[in-house]
Amino acid sequence: MNLSETAPAAERGPLLVERSGRVVTLTLHRPHRRNAMSTAMLEQLAKRLSDLTGRQGTAAPGALVLTGAGGTFSSGADTGEPDWHDLSRRAVRRAHFRTVFAALHEAPFPLVAAVEGYALGGGLELALACDLVVAGEGALFGLPELGVGAVPGGGAVHSLLRRAGRGVAARMLLIPGERLRADELARLGAVERTVPDGDALAEAQALAASVAAGDPALLAAGVRLLRDSGHLDRTAALGVENGYWWQAASAANREPSPPSDRRS
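Presented here is a report on the structure given in the accompanying data block. Only a predicted model underlies this, so the values are computations on that prediction, with no experimental measurement involved. (Residues numbered from 1 in each chain as written. Predicted model: local features only at pLDDT ≥ 70, side-chain atom pairs only at ≥ 80, totals over all residues. Heavy atoms only, no water.)

### Considerations on unusual backbone geometry
Step number 1: Not every positive phi belongs to a glycine, and Arg34 is a case in point at roughly 50°.
Step number 2: Tracing the backbone through its elements, the reader meets Arg34 in the loop between strand 2 (23-28) and helix 1 (39-54).
Step number 3: We classify Arg34 as partly exposed; its relative accessible area is 46%.
Step number 4: Although it is not a glycine, Asn35 sits at a positive phi angle of roughly 55°.
Step number 5: Along the chain, Asn35 turns up in the loop between strand 2 and helix 1. (Helix = DSSP H or I, 4+ residues; strand = E, 2+ residues; numbered from the N terminus. Buried < 20%, exposed > 50% of the residue type's maximum accessible area, 1.4 Å probe, protein only.)

Written out as structure tokens, the structure is:
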């Protein structure tokens, strides 16, 4: 664990990092703003994800938990920042935002969101970018962007269409003030596990530790398969699965991979 992971919270700014075994926990740390995402927070999150993705061997995380401080996950973009009404400065924040979501998609380890309180706008998008979502029963999820002069830009609509269906995506996007509780999203398939309020982080870390006990190469193949297959038709998805099957089999037997069109 490096110095930045053990320094006092005040020295680490809007993102806290801790590691226990093979599980790394990243905590959004602006509780006074309900963990609204500032430019500085997004920049640090992008850099940290890049660093973790680049680690090798025992330094590489087996799983990552993303959570928020102060009893809430994130209320989304910080519309109170000075740059909110300056398009050129918002573009800088937007670039960091896109970098964060690209890094989450490319991370070679499973991602688990631990959600309490609110997950709104970009906060909901962060949660849905994770492979598994654990939430307190009373957590509230929403997409308020249309009401503040914006549209979702981090994949929330795409994720909701895949995980819960068009009706849920339409409700959250188009109905002003619509908020869905974690237990409802769990029934619809967008949240994997609900727990009593206050227990989401402990449950997510335990789940991450269980997942991280697996073989790193197989976990990496598994998350790639999970993230890459959902938008494909069946034939293409089976081709992707076949490629990862041969990749895992070849690694286990120390043999070169077969041609990409080889059938299993």
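### A closer look at the sheet that holds strand 6 (residues 132-136)
Step number 1: Taken in spatial order, the six strands make up an open sheet running 1-2-3-4-6-9, and their pairing is mixed. One side of each edge strand has no neighbouring strand; the edge strands of this open sheet are strand 1 (15-20) and strand 9 (193-195). Shown here is a sheet whose adjacent strand axes are inclined to one another by a mean of 20°, direction ignored.
Step number 2: In this sheet, strand 3 (residues 63-68) lies alongside strand 2 in parallel orientation, the contact comprising six bridges. From the neighbouring strand, Val23 faces strand 3, where its bridge partner is Ala63.
Step number 3: Along the sheet face, helix 1 touches strand 1, strand 2 and strand 3 and points at about 170° away from the line of strand 2. (Pairing = 2+ DSSP bridges. Axes fitted to C-alpha atoms, helices over the stretch in contact; angles between N-to-C directions. Contact = heavy atoms within 4.5 Å.)

### Considerations on the pairing of strand 1
Step number 1: As defined by bridge partners, strand 1 adjoins strand 2 across six bridges and the pair is classed as antiparallel. Paired with Arg19 across the two strands is Val24, which belongs to strand 2.
Step number 2: Turn length for the strand 1-strand 2 hairpin, with the two strands adjacent in sequence and antiparallel, is two residues, and the turn residue Gly21 shows positive phi of about 65°.

### What to know about the sheet that holds strand 7 (residues 140-142)
Step number 1: Overall, mixed pairing links the three strands, which are arranged 5-7-8 in an open sheet. Taken across any chain shown, the strands that pair with only one partner, and hence form the sheet edges, are strand 5 (118-120) and strand 8 (180-181).
Step number 2: Where strand 5 lies against strand 7, three bridges are found, and the strand directions are parallel. For Ala119, the partnering residue across the bridge sits in strand 7 and is Phe141.

### Observations regarding the pattern of salt bridges
Step number 1: Across all of its chains, the model carries 12 salt bridges by this definition.
Step number 2: Ionic pairing is found between Asp51 and Arg48, a salt bridge with its closest N-O pair at 3.8 Å. Here Arg48 and Asp51 lie together in helix 1, a separation of three residues that amounts to about one turn.
Step number 3: Exposure remark for Asp51: the relative accessible area of 33% places this residue in the partly exposed category.
Step number 4: Exposure remark for Arg48: the relative accessible area of 12% places this residue in the buried category.
Step number 5: With a shortest N-O distance of 2.8 Å, Glu203 and Arg193 are connected by a salt bridge. In this pair, Glu203 sits in helix 7 (residues 200-212) while Arg193 sits in strand 9, placing the two residues 10 residues apart along the sequence.
Step number 6: Its relative accessible area of 36% is what places Arg193 among the partly exposed residues.
Step number 7: Each of Arg30, Arg33 and Asp78 takes part in one network of salt bridges that share partners. (Salt bridge = Lys/Arg side-chain N within 4 Å of Asp/Glu carboxyl O.)

### Some thoughts on the layout of surface pockets
Over the atoms rolls a probe the size of a water molecule, and its path tells where empty space is left.
Step number 1: Quantified by volume, the second largest pocket comes out at close to 480 Å³.
Step number 2: If you trace the second largest pocket, you find 19 residues lining it, with Leu128, Ala129, Ser159, Arg162 and Arg227 closest to the centre.
Step number 3: No other element matches helix 4 (residues 156-163), which puts four residues into the lining of the second largest pocket.
Step number 4: The residue makeup of the lining of the second largest pocket, split by class, is seven nonpolar, six polar and six charged. (1 Å grid on protein atoms, 1.4 Å probe; cavity = no way out; pocket = protein on both sides within 12 Å on 5 of 7 lines; lining within 4 Å. Points joined across faces, edges and corners; volume = space filled by probe spheres on them. Nonpolar A, V, L, I, M, F, W, Y, C, P; charged D, E, K, R; others polar.)

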